[in-house]
Amino acid sequence: MSDLVERFLRYVREDTASVEGSDTFPSTNTQIAFAKKLANELNVIGLKDVKVDENGYVFATIPANTDKPFHTVGFIAHMDTAPDAPGKDVCPILHENYGGEDIVLKNNVVISVNEFPALKKYIGDTLITSDGTTLLGADDKAGVAEIVTAAEYLLKTDEPHGEIKIGFTPDEEIGCGADRFDVEKFGADFAFTMDGGDMGELEYENFNAAKAVVTITGKNVHPGYAKGIMINANLIVNDFLTLLPEDETPETTEGHEGFFHVTDISSTVSKAVVSLIIRDFDKDTFMERCTYIKKCVDAINTIYGDVAEVLISEQYLNMLDTFDGKMYILDIAKKGFEKAGVTPEIKLIRGGTDGARLSFMGLPCPNIFAGGHNFHGFYEFVPVSAMEKAKDVIIGIALSAEK
C-alpha cells in the first residue's frame, strides 16, 4: 500500500463533519482534533513553521532548496467533510483490479455503471468507497493526503524548487473556509486548492453568487369572516414562484448558463419565507438577475400592497476577474500537469470554492482535481490512480514555479 493510500484511509476514519449554525469556529471540535494530528504528522515529516492557529487552520512551510528565483506557491485543502451524509465511523473499502461491474455496498447502496458511467474509465484500477453507511470523505481528505504526500517528496528531492506553503482549512463545506484565513501570514504569491473532482480538472472560473430571502407577510383572520380582510401568504408565494423563469433552474441549465434556485419555503397564512440562490458567470447578467428578483417582489406588492420584502446577500464572485495580468499562474499549472503526464481539462465550477474567496482576498487560487466522484453521499468513490496523479501534479507545479 502506498503512503498516499495509507494516509487517505487513515484520514477518512477521522470524523470531521462541519455543522451549519454552530456558534463556534470551527463548527466542531473534531476538526480541531484532526488539525492537531495533521500538524503532528507534518512536524514528524520535517516541514517548518508548522502551526495550528486559534481558528483551527493548519499552516506549514517547505523550505526552498535552491537559490534560483521561484514563486512562493501554496497548496490548500479543507479538513472538514459535508454534513449532508453521516461522516462518523467511516469504513473505507478497497476494490482492487476493478472489473467494470456495479459496486454493491451495505444498505442496498449500488454504485451503478449505468448511473455513474465514469466508473468505466477506471477498469483495472483500485477504487475506494465507503461501506455504504457513510460518505467516504474524499472531499477533501483526498486533497489533504495528496498535499502531505507531495510535501514529503519535496522535502527529500534534489530537484530545485522554491519555498512552498501548505494550508488546511476548516468549515469549507458550510461556506466558512476562508472566513479567517490570514492571506498575509500564509505568505504565498498564489496557491491552488486541491478540491476538484475527476482527474485532469483545472478550474479558475466559477459562479457569481448571491442568496435572496423573500418574506411575505399575510393577515390571518377566521376563515368564515375573511372576505376582504384575509391576506393568505401561502397563495401569494405561488404567485411569486410563477414569476421565476421555468427554463432558468439548475435542472434546465449547464455550461455558462446561470439560474435561480428555490432552496427552501416555509409558509403559513400569516407569513411565508422563500429562500433562493442566484447564480451566473457573467457579472452584469448576475446583477440583472438580482434586480429581477427585486422586480418580482415589486410586482407582488403592486398587486397585494406592501406585503413582500427581499434581502439579497452576496456570497462569492467569479475568481476569473482576479486573473487579469496573472495568467502566468495558469501557465505554471499547465507545466505541472505536463510533468505529471496529465492533460489539463479546463472546466467551469458551477458552484463556489474557497479559492474564489481567497482570490478576492489577494491570493489567486485556481482549483485542481483531487480525484473523487459523487461527493457528499453514499455513492462516493475515488480511484487510487487519480489520487496518485493529483499528488504528481502538486510536485510538478512546485518544480515549475520559476520566476
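Residues numbered from 1 in each chain as written. Predicted model: local features only at pLDDT ≥ 70, side-chain atom pairs only at ≥ 80, totals over all residues. Heavy atoms only, no water.

Colleague: Could you give me a rundown of the overall build of the protein, with the residues and numbers involved?
Modeller: Of the regular secondary structure elements, the protein holds nine helices and 17 strands. Here the C-alpha atoms of the protein give a radius of gyration of 24 Å, agreeing with the 22 Å that 2.2 N^0.38 yields for 403 residues. With the C-alpha coordinates of the protein rotated into their principal frame, the extents come out at 85 × 50 × 40 Å. For the protein, the residues scored as buried account for 54% of the 403 residues in total. Across the protein, the fraction of contacts at a sequence separation of at least 24, relative to all contacts at a separation of at least 6, is 79%. Total accessible area on the protein is roughly 17,900 Å²; 48% of this is exposed by carbon and sulfur atoms. Taking the average location of the 36 positive side-chain charges in the protein and that of its 65 negative ones, the two points are 3 Å from each other. (Helix = DSSP H or I, 4+ residues; strand = E, 2+ residues; numbered from the N terminus. Rg over C-alpha atoms; globule rule 2.2 N^0.38 Å. Buried < 20%, exposed > 50% of the residue type's maximum accessible area, 1.4 Å probe, protein only. Contact = heavy atoms within 4.5 Å. Areas by Shrake-Rupley, 256 points an atom, 1.4 Å probe, with all protein chains shown as cover. Lys, Arg positive; Asp, Glu negative; His and termini not counted. Charge placed at Lys NZ, Arg CZ, Asp CG, Glu CD.)

Colleague: A description of the sheet that holds strand β17 (residues 381-383) should follow, citing residues and the corresponding values.
Modeller: Spatially, β4-β7-β17 is the arrangement adopted by the three strands of the open sheet, whose pairing is antiparallel. Either end of the sheet is taken by a strand with one partner, and the two such strands are β4 (93-95) and β17. The average undirected angle you get between the axes of adjacent strands in this sheet is 25°. Pairing between β4 and strand β7 (residues 127-129): three bridges, direction antiparallel. Looking across to β7, one finds that His-95 is bridged to Leu-127. (Pairing = 2+ DSSP bridges. Axes fitted to C-alpha atoms, helices over the stretch in contact; angles between N-to-C directions.)

Colleague: Help me get a handle on the pairing of strand β3 (residues 73-78), residues and values and all.
Modeller: Counting buried positions over the six residues of β3 gives six, a clear majority of the element. Burial along β3 is two-sided: Val-73, Phe-75 and Ala-77 facing one way and Gly-74, Ile-76 and His-78 facing the other are all buried. For β3 and strand β8 (residues 164-169), the ladder comprises six bridges, and the chain directions are parallel. The residue bridging His-78 from the neighbouring strand is Thr-169, located in β8.

Colleague: Quick one: what's the story with empty space enclosed by the protein, residue by residue and with numbers?
Modeller: Counted by the stated rule, this structure contains one cavity of 30 Å³ or more. In this structure, the largest cavity occupies an estimated 50 Å³ of space. Lining the largest cavity are Ile-76, Ala-77, His-78, Asp-140, Thr-169, Glu-172, Thr-193, Asp-195, Thr-353 and Asp-354. Tallying contributions element by element places β3 first for the lining of the largest cavity, with three residues. Residue composition of the lining of the largest cavity, by class: two nonpolar, four polar and four charged. (1 Å grid on protein atoms, 1.4 Å probe; cavity = no way out; pocket = protein on both sides within 12 Å on 5 of 7 lines; lining within 4 Å. Points joined across faces, edges and corners; volume = space filled by probe spheres on them. Nonpolar A, V, L, I, M, F, W, Y, C, P; charged D, E, K, R; others polar.)

Colleague: How would you sum up the environment of Asp-3? Please name residues and give values.
Modeller: Looking at the element boundaries, Asp-3 is found in helix α1 (residues 3-12). Judged by relative accessible area, which is 46%, Asp-3 ranks as partly exposed. For the pair Asp-3 and Thr-252, spaced 249 residues apart in sequence, the C-alpha separation works out to 43 Å. Discounting residues that sit within four places of it in the chain, Asp-3 has contacts with Thr-149 and Glu-152.

Colleague: Go over the side chain of Thr-28, please, and point to the residues and values.
Modeller: Residue position: Thr-28 is located in the loop between α1 and α2 (29-45). On the basis of relative accessible area, Thr-28 is assigned to the buried category, the value being 13%. Separated by 3.2 Å, the side chain of Thr-28 and the backbone oxygen of Ala-17 make a polar contact. What Thr-28 contacts, discounting residues up to four positions off in sequence, is Ala-17, Ser-18 and Val-19. (Polar contact = N/O pair within 3.5 Å; in protein donor to acceptor, adjacent residues only side chain to side chain.)

Colleague: Tell me about unusual backbone geometry, residues and numbers included.
Modeller: At the junction of Phe-25 and Pro-26, the peptide bond is cis and its omega measures out at -5° in the coordinates. Secondary-structure assignment places Pro-26 in the loop between α1 and α2. Its identity is not glycine, yet Asn-108 carries a phi of approximately 60°, on the positive side. The residue Asn-108 is located in the loop between β5 (103-104) and β6 (110-111) in this model. Take Asn-108: its relative accessible area is 74%, and that puts it in the exposed class. A positive phi angle, near 75°, is found at His-376, a position not held by glycine. On the accessibility criterion, His-376 (30% relative accessible area) is partly exposed.

Colleague: So, the nonpolar core: which residues are in play, and what are the values?
Modeller: Note on soluble globular proteins: their nonpolar side chains tend to be buried together. Judged by nonpolar contacts, the single largest core of 66 residues is most densely connected at Phe-8, Phe-75, Ile-166, Phe-168, Phe-192, Ile-368 and Ile-397. Residues within four places of Phe-168 in sequence aside, it is in contact with Leu-38, Leu-42, Gly-56, Tyr-57, Val-58, Ala-77, Met-79, Val-144, Ile-147 and Val-148. One finds Val-214, Val-274, Ile-278 and Ile-300 within the second-largest nonpolar core, a separate group that totals 23 residues. (Core = buried A, V, L, I, M, F, W, Y, C linked by side-chain atoms within 4.5 Å.)

Colleague: How would you summarise helix α9 (residues 384-400) if you had to cite specific residues and measurements?
Modeller: End to end, α9 covers 24 Å across 17 residues, agreeing with the expected 24 Å (1.5 Å per residue, within 8%). Among the 17 residues of α9, 13 are classified as buried, and the element is accordingly described as predominantly covered. (Expected span 1.5 Å × (residues − 1).)

Colleague: How would you sum up the packing of helix α7 (residues 328-340) against α9? Please name residues and give values.
Modeller: Between α7 and α9, the least distance of the axes is 7 Å, while the angle of their chain directions is 125°. The angle between α7 and α9 falls in the class oblique. Handedness of the α7/α9 crossing: right-handed. Contact residues: Ile-332, Ala-333, Lys-335, Gly-336, Phe-337, Lys-339 and Ala-340 in α7; Lys-389, Asp-392, Val-393, Gly-396, Ile-397, Leu-399 and Ser-400 in α9. Across the contact of α7 with α9, the residue classes break down as seven nonpolar, three polar and four charged. (Parallel < 35°, antiparallel > 145°, perpendicular 65-115°, else oblique. Left-handed = near helix turned anticlockwise from the far one by under 90°.)

Colleague: I'd like to hear about the pairing of strand β11 (residues 208-217), residue by residue, with values.
Modeller: Two faces belong to every sheet, and in a regular strand the side chains alternate between them. Burial analysis of β11 places seven of its 10 residues in the buried class, which makes it a mostly covered element. Relative to strand β13 (residues 271-280), β11 runs antiparallel, the two being bridged by 10 bridges. Considered in β13, the bridge of Val-213 is made with Ser-275. Inspection of the sheet shows β11 paired to strand β14 (residues 308-316) by eight bridges, in the antiparallel sense. Opposite Ala-210, over in β14, you have Glu-314 as the bridge partner.

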